[in-house]
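Structural characterization, general
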Amino acid sequence: NNTISVIIYHNRQQVNRKSTKRKETTTMSKIGYIRVSTEHQETARQQDIMCSYQVDRIFSEKISGANKDRPQLRAMLDYLQNEQAAKRKKNQLE
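Calculation rules
Residues numbered from 1 in each chain as written. Predicted model: local features only at pLDDT ≥ 70, side-chain atom pairs only at ≥ 80, totals over all residues. Heavy atoms only, no water. Helix = DSSP H or I, 4+ residues; strand = E, 2+ residues; numbered from the N terminus. Buried < 20%, exposed > 50% of the residue type's maximum accessible area, 1.4 Å probe, protein only. Contact = heavy atoms within 4.5 Å. Areas by Shrake-Rupley, 256 points an atom, 1.4 Å probe, with all protein chains shown as cover. pLDDT = per-residue confidence, 0-100.

What follows concerns the overall build of the protein chain. Looking only at helices and strands, the protein chain features two helices and three strands. Along the protein chain, helices and strands appear, N-terminal first, in the series β-β-α-β-α. Within the span of the protein chain, comprising 94 residues, buried residues form 23% of the whole. The long-range share in the protein chain, meaning contacts at least 24 apart out of those at least 6 apart in sequence, stands at 57%. For the protein chain, the accessible surface area stands at approximately 6900 Å², while carbon and sulfur atoms represent 48% of it.

Next up on the list: unusual backbone geometry. Residue Gln 54 is not a glycine yet carries a positive backbone phi of 55°. Take Gln 54: it is sitting in the loop between α1 (44-52) and β3 (57-62).

This part is about the confidence of the model for the protein chain. Across the protein chain, the average pLDDT comes to 78, with 66% of residues at or above 70. The element-level mean pLDDT for the protein chain is lowest in strand β1 (residues 3-16), coming to 65, with β3 highest at 93.

Next up, the structure:
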């Protein structure tokens, strides 16, 4: 039985638009990935742990490690890549 849990800390910029001065702060968002090998395994324990770490977004799948096509892992990597692209675009516009 194979279980994998990963938490990635990812920089996220927040802009306070209410004040007259432009105030930017950088926070860390937490992105989680859970994989178990079989449909019979449960992810509840790993999800509880990630919730206790206040993970912002969790990607989870039940798929064999031998299977190289992992849709939720790909979705997580795409999510991180899109976040980075949006941040770069925002910085270029400033």
